[in-house]
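As a plain string of letters, each chain reads:
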Amino acid sequence: MIFQLIALDLDGTVIDRDLVIHPDVRETIAAVQSRGIHVTLATGRMFSAAMPFARELDIRAPIICYQGALVRHPLSGETLYHATMPADLAAAAVRVLLDADIFVIAYIHDVHYIAAHRAELEAYLAFHPEESEIVVTPDLERLVARMAPTKLLFVAEPQVVERELARLSDRFGEALAIVRSHAIFGELTAPHVSKGQALATLAQSLGVAREEVMAIGDQENDLSMITWAGLGLAMGNAVPAVRAQAHAVLPSVSEAGVACALRRYVLNCTS
């Protein structure tokens, strides 16, 4: 099969905890793009936090951010798709989390809004060395009720994240999209937002058939695009649920699994 669109998760797929792109990954992505094949990033990160990696990789296709709530072109800045959360539900979710003493971040226009500085912020910032704007607003619930966020993210110990995801799902059902993006991160977006939905929208805009799309990821938030794509691949470091539903499992991010996939499934299949 000849692929025309490759969607790559960022953290745990293209970059490891050191936030460095393996040279083999950078080189194989360049080789793929030189053949006219679209490559995009599909990440939970906000647009400004994804852009340094998009620039390093010379990504020319619109990138998927905020778990699929935003699709924006990295060169022109044109927004193809943007879904904000229903403000009343976002405010209710913030109240649920704050009442449980959970640290939560609201993303509004690529700005982080928090109720107070806490140790969990440092755990979050370890993944985000870029200088993002952080605004402390004691009444976070009221703010998001007035300014609908693109995403909410909460930070907690893994078992607490699991508990809160279940509790939020019981409370909001399908009224909000609720997903785990890391052992210590839970995220909420507008209903029906997902990387898979955004990838389908992007593929259609590029005139690419589903069967011509490859997606690679490692976390539960990648499942929607891995199961939608014509070929969905899991990193060797992927969580069990992703490994179980992928068409194949690659080497880990530290072993440049993305480069292995591109060489095997793309570069050797086009001439």
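Residues numbered from 1 in each chain as written. Predicted model: local features only at pLDDT ≥ 70, side-chain atom pairs only at ≥ 80, totals over all residues. Heavy atoms only, no water.

Chemist: What exactly am I supposed to notice about the layout of surface pockets here?
Modeler: If you roll a probe as big as a water molecule over the atoms, it shows you where there is empty space left. Quantified by volume, the largest pocket comes out at close to 390 Å³. Taken together, 26 residues make up the lining of the largest pocket; nearest its centre are Asp-11, Phe-127, Ser-181, His-182 and Phe-185. When residues of the lining of the largest pocket are traced back to their parent elements, those giving at least two are strand E9 (151-155), strand E10 (177-182) and strand E11 (185-189). In terms of residue class, the lining of the largest pocket is built from eight nonpolar, 10 polar and eight charged. (1 Å grid on protein atoms, 1.4 Å probe; cavity = no way out; pocket = protein on both sides within 12 Å on 5 of 7 lines; lining within 4 Å. Points joined across faces, edges and corners; volume = space filled by probe spheres on them. Helix = DSSP H or I, 4+ residues; strand = E, 2+ residues; numbered from the N terminus. Nonpolar A, V, L, I, M, F, W, Y, C, P; charged D, E, K, R; others polar.)

Chemist: How should I be thinking about the sheet that holds strand E3 (residues 63-65) in this particular structure?
Modeler: Pairing between sheet strands relies on hydrogen bonds along the backbone, with the strands arranged either parallel or antiparallel. Taken together, three strands build an open sheet; the order of strands is E3-E4-E5 and the sheet is antiparallel. In the strand order of this sheet, the two ends are held by E3 and strand E5 (79-82), each with one partner. Ignoring strand direction, the axes of neighbouring strands in this sheet form an average angle of 15°. Examined bridge by bridge, E3 and strand E4 (residues 70-72) share three bridges and lie antiparallel to one another. What sits directly across from Cys-65, in E4, is Leu-70. The sheet strands contacting helix H2 (residues 47-56) are E3 and E4, and the helix crosses E3 at an angle near 145°. Sheet strands in contact with helix H7 (residues 195-206) are E3, E4 and E5, and its direction is about 155° off that of E3. (Pairing = 2+ DSSP bridges. Axes fitted to C-alpha atoms, helices over the stretch in contact; angles between N-to-C directions. Contact = heavy atoms within 4.5 Å.)

Chemist: How should the sheet that holds strand E2 (residues 38-41) be read in this particular structure?
Modeler: Here five strands make up an open sheet; going across it, the order is E2-E1-E12-E13-E14 and the pairing parallel. Two strands in the sheet have a free side with no partner beyond their single neighbour: E2 and strand E14 (248-249). Pairing analysis gives two bridges linking strand E13 (residues 231-234) to E14, with the strands arranged parallel. Paired with Leu-233 across the two strands is Ala-248, which belongs to E14. Relative to the sheet, helix H10 (residues 257-267) contacts strand E1 (5-8), strand E12 (213-217), E13 and E14, its axis offset from that of E12 by approximately 160°.

Chemist: Looking at this model, I keep getting lost on the environment of Val-111. Mind explaining?
Modeler: Tracing the backbone shows Val-111 in strand E7 (residues 111-114). When neighbours within four sequence positions are excluded, Val-111 is seen to be in contact with Ala-106, Glu-133 and Val-135.

Chemist: Explain the nonpolar core to me, please; I cannot follow it from the model alone.
Modeler: A general tendency of soluble globular proteins is for nonpolar side chains to be buried together. Membership of the largest hydrophobic core comes to 57 residues, with the highest contact counts inside it found for Ile-6, Leu-41 and Met-214. Here the element with the most residues in this core is H10; it accounts for seven residues. Membership of the second largest hydrophobic core comes to 27 residues, among which are Ala-92, Leu-140, Phe-172 and Leu-176. (Core = buried A, V, L, I, M, F, W, Y, C linked by side-chain atoms within 4.5 Å. Buried < 20%, exposed > 50% of the residue type's maximum accessible area, 1.4 Å probe, protein only.)

Chemist: What exactly am I supposed to notice about the packing of helix H1 (residues 23-34) against H10 here?
Modeler: Two numbers describe a pair of packed helices, the interaxial angle and the distance between the axes. Between H1 and H10, whose axes approach to 8 Å, the crossing angle comes to 25°. When the interaxial angle is binned, H1 and H10 end up roughly parallel. The two elements H1 and H10 cross, and the hand of that crossing is left-handed. Residues Asp-24, Val-25, Thr-28, Ile-29, Ala-31 and Val-32 of H1 pack against Val-258, Ala-259, Leu-262, Arg-263, Val-266 and Leu-267 of H10. Broken down by class, the residue content of the contact of H1 with H10 amounts to nine nonpolar, one polar and two charged. (Parallel < 35°, antiparallel > 145°, perpendicular 65-115°, else oblique. Left-handed = near helix turned anticlockwise from the far one by under 90°.)

Chemist: Mind showing me how you'd approach the environment of His-128 here?
Modeler: In this fold, His-128 is placed in the loop between helix H4 (119-125) and strand E8 (134-136). Setting aside residues no more than four positions away along its own chain, His-128 makes contact with Arg-45 and Ala-49. At 3.2 Å, the side chain of His-128 and the side chain of Arg-45 are in polar contact. (Polar contact = N/O pair within 3.5 Å; in protein donor to acceptor, adjacent residues only side chain to side chain.)

Chemist: Would you explain the packing of aromatic side chains in this entry?
Modeler: Centre-to-centre distance and the angle between the planes together describe a pair of aromatic rings. This structure, assessed with the given rule, holds three aromatic pairs. For the ring pair Tyr-66 and Tyr-107, a centre distance of 5.8 Å and an interplane angle of 80° mean the geometry is edge-to-face. You can see Tyr-66 sitting in the loop between E3 and E4 and its partner Tyr-107 sitting in strand E6 (residues 103-108), a full 41 residues away along the chain. Comparing Tyr-66 with Tyr-107, the two get one shared label, buried. Geometrically, the ring pair formed by Phe-127 and Phe-185 is edge-to-face, given 5.3 Å between the ring centres and 70° between the ring planes. In this pair, Phe-127 is assigned in the loop between H4 and E8 and Phe-185 in strand E11, connecting sequence segments 58 residues apart. Across the pair, exposure class does not vary: Phe-127 and Phe-185 are buried alike. Sitting over the face of the ring of Tyr-107, Lys-151 holds its NZ or CZ atom 4.5 Å from the ring centroid. (Phe/Tyr/Trp six-rings, centres within 6.5 Å; stacked < 30°, edge-to-face > 60°. Lys NZ or Arg CZ within 6 Å of the ring centre and 35° of its normal.)

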